[in-house]
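Next come the chains, spelled out residue by residue.
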Amino acid sequence: MAITVFTTPAQVRDFTRGRQRERHTLALVPTMGFLHEGHLSLMRAGRTSCDITAVTIFVNPTQFGPTEDLSRYPRDVRGDLAKCEAAGVGFAYLPEPSSVYPPGYQTYVDVERVSQGLCGGRRPGHFRGVATVVTKFLSLFRPELALFGEKDYQQLMVIKALARDLELDVEVAGLPTVREGDGLAMSSRNSYLSASERAQALSLSRGLFGAQRALTDGLREAAQLVGLVRAELKANDVREDYVELRDAETLEPLTAVAVGQTARLLVAGFVGQTRLIDNIALNG
Ligand code: AMP
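A short tour of the structure in this document, coming up. (Residues numbered from 1 in each chain as written. Predicted model: local features only at pLDDT ≥ 70, side-chain atom pairs only at ≥ 80, totals over all residues. Heavy atoms only, no water.)

### Comments concerning the overall build of the protein
Then comes step 1: A tally of regular secondary structure across the protein gives nine helices and nine strands.
Then comes step 2: In terms of overall dimensions, the protein is globule-like: its C-alpha atoms have a radius of gyration of 19 Å, near the 19 Å expected for 284 residues.
Then comes step 3: In terms of overall dimensions, the protein has C-alpha extents of about 55 × 40 × 40 Å along its principal axes.
Then comes step 4: Looking at the 284 residues of the protein, the share that counts as buried comes to 55%.
Then comes step 5: Across the protein, contacts joining residues at least 24 apart in sequence account for 72% of those joining residues at least 6 apart.
Then comes step 6: Surface accessibility of the protein: about 13,400 Å² in total, with carbon and sulfur atoms responsible for 49%.
Then comes step 7: Side chains of the protein give 32 positive and 33 negative charges; the mean places of these two sets differ by 2 Å. (Helix = DSSP H or I, 4+ residues; strand = E, 2+ residues; numbered from the N terminus. Rg over C-alpha atoms; globule rule 2.2 N^0.38 Å. Buried < 20%, exposed > 50% of the residue type's maximum accessible area, 1.4 Å probe, protein only. Contact = heavy atoms within 4.5 Å. Areas by Shrake-Rupley, 256 points an atom, 1.4 Å probe, with all protein chains shown as cover. Lys, Arg positive; Asp, Glu negative; His and termini not counted. Charge placed at Lys NZ, Arg CZ, Asp CG, Glu CD.)

### Details of the layout of surface pockets
Then comes step 1: Estimated volume of the second largest pocket: approximately 360 Å³.
Then comes step 2: Together, 16 residues line the second largest pocket, and R113, V114, A161, R164 and D165 are the ones closest to its centre. (1 Å grid on protein atoms, 1.4 Å probe; cavity = no way out; pocket = protein on both sides within 12 Å on 5 of 7 lines; lining within 4 Å. Points joined across faces, edges and corners; volume = space filled by probe spheres on them.)

### What about the site of the ligand?
Then comes step 1: The local shell around the ligand holds 16 residues, among which M32, H39, D152, V178 and M186 are the closest.
Then comes step 2: With respect to the ligand, the side chain of H39 contributes an N or O atom lying 2.9 Å from an oxygen atom.
Then comes step 3: D152 has a polar side-chain atom sitting 2.6 Å from an oxygen atom of the ligand.
Then comes step 4: Elements represented by at least two residues in the shell around the ligand include exactly β2 (26-31), α2 (37-49) and β5 (145-149).
Then comes step 5: The leading source of residues in the shell around the ligand is α2, at three residues. (Near = heavy atom within 4 Å. Polar contact = N/O pair within 3.5 Å; in protein donor to acceptor, adjacent residues only side chain to side chain.)

### Brief notes about unusual backbone geometry
Then comes step 1: Positive phi, close to 55°, is recorded for F34, a residue that is not glycine.
Then comes step 2: You can see F34 is positioned in the loop between β2 and α2.
Then comes step 3: Given a relative accessible area of 27%, F34 falls into the partly exposed group.
Then comes step 4: If you check the backbone angles, D169 has positive phi at about 55° while not being a glycine.
Then comes step 5: As for its placement among the helices and strands, D169 is situated in the loop between α7 (153-165) and β6 (171-175).

### Comments concerning the state of the cysteines
Working definition of a disulfide: a covalent bond connecting the sulfur atoms of two cysteines.
Then comes step 1: All chains considered together, the criterion is met by zero disulfides.
Then comes step 2: Lacking any disulfide linkage, C84 is separated from the closest cysteine sulfur, that of C50, by 16 Å.
Then comes step 3: The class for C84 is buried, based on a relative accessible area of 0%. (Disulfide = S-S within 2.5 Å.)

### Some points on the sheet that holds β5
Paired through their backbone hydrogen bonds, the strands of a sheet run either parallel or antiparallel.
Then comes step 1: In spatial order, the strands read β1-β4-β3-β2-β5-β6; together these six strands make up an open sheet with parallel pairing. With one partner strand each, in any of the chains shown, β1 (4-6) and β6 form the two edges of the open sheet. With strand direction ignored, the average angle separating the axes of adjacent strands in the sheet is 25°.
Then comes step 2: Pairing of strand β3 (residues 52-57) with strand β4 (residues 91-93) involves three bridges; the strand directions are parallel. (Pairing = 2+ DSSP bridges. Axes fitted to C-alpha atoms, helices over the stretch in contact; angles between N-to-C directions.)

### Brief notes about the pairing of strand β8 (residues 262-271)
Then comes step 1: Burial runs high along β8: nine of the ten residues are buried.
Then comes step 2: Note that β8 and strand β9 (residues 274-283) share ten bridges and pair antiparallel. Looking at β9, one finds that L265 is bridged to I280.

### Examining empty space enclosed by the protein
Then comes step 1: Per the stated rule, a full pass over the model turns up one cavity of 30 Å³ or more.
Then comes step 2: Space inside the largest cavity adds up to approximately 50 Å³.
Then comes step 3: K151, L184, A185, S187, N190, A201, L204, L276, I277 and D278 together form the lining of the largest cavity.
Then comes step 4: Among the secondary structure elements, those contributing two or more residues to the lining of the largest cavity are α8 (195-216) and β9.
Then comes step 5: The leading source of residues in the lining of the largest cavity is β9, at three residues.
Then comes step 6: Taken together, the residues that form the lining of the largest cavity break down as six nonpolar, two polar and two charged. (Nonpolar A, V, L, I, M, F, W, Y, C, P; charged D, E, K, R; others polar.)

### Regarding the nonpolar core
Then comes step 1: In this structure, V111 and F141 are the most contacted members of the largest nonpolar core, which totals 44 residues.
Then comes step 2: No other element matches helix α6 (residues 126-141), which puts nine residues into this core.
Then comes step 3: Excluding residues within four positions of it along the chain, V111 makes contact with A131, V158, A161 and L162.
Then comes step 4: Residues L184, L215, A222 and V229 belong to the second largest nonpolar core, which totals 26 residues. (Core = buried A, V, L, I, M, F, W, Y, C linked by side-chain atoms within 4.5 Å.)

In structure tokens:
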């Protein structure tokens, strides 16, 4: 079936009313477009769980800082819609910024603790923008299920917190990071990388996997695990933004992975001008 494209909130509201009348369940996959296998894995998971899957494609200006890549963020609307259709997505919402944030707009969602530090510390206002736009999309679509990637782990925790705290009555699911064959986490921003930068970028995932192996060999201290990732970045000329060990649920900083603990090792770094992130589970 051909994909139906909405561009205004009014169209989505009509769709939501009809869908709820028909008692069709909905899975929602919010994205910024330039879709890859990571995004498609979320859509396929939506299809297997719900009657209808919808995607949002919106490069959200409020989650970009003044010096970030908003204006050059990669876009391919036609290609994206073809991929959505092939993945069995029935509906896509592609609003203009002016219909998400019309004149007079003044309401924002601030998720406190899990937004602190990591990307929240390095990108002031980023999660306020993310939380705001996701809250708006969830309240327009009223999905039963909303799907996000563990690739953006702090973002996933922010969205879980807002759905819980605002009682949005939606299941927020986090799916594993989809990687290239050599381990690089798929990202729309990988398209910025030259061939040599692509090779440097591999140090993020290599460092994380190295730390995961080190944990199974008995290395538990944050300083040691973080140090392994740092060494990989340094050896490949990648400028560290952060490398941190955090509790997987609360995102509180950890000094070590205790026995039985679920932890997460998270990294951000600049490969040339391109800022990349990745993370991995460390289960003690
Ligand atoms: P983005 O378009 O980068 O905002 O991402 C949209 C959604 O896709 C978010 O929930 C991301 O976490 C998820 N995503 C991005 N890259 C990956 C990946 N490599 N594997 C799984 N999910 C991903």
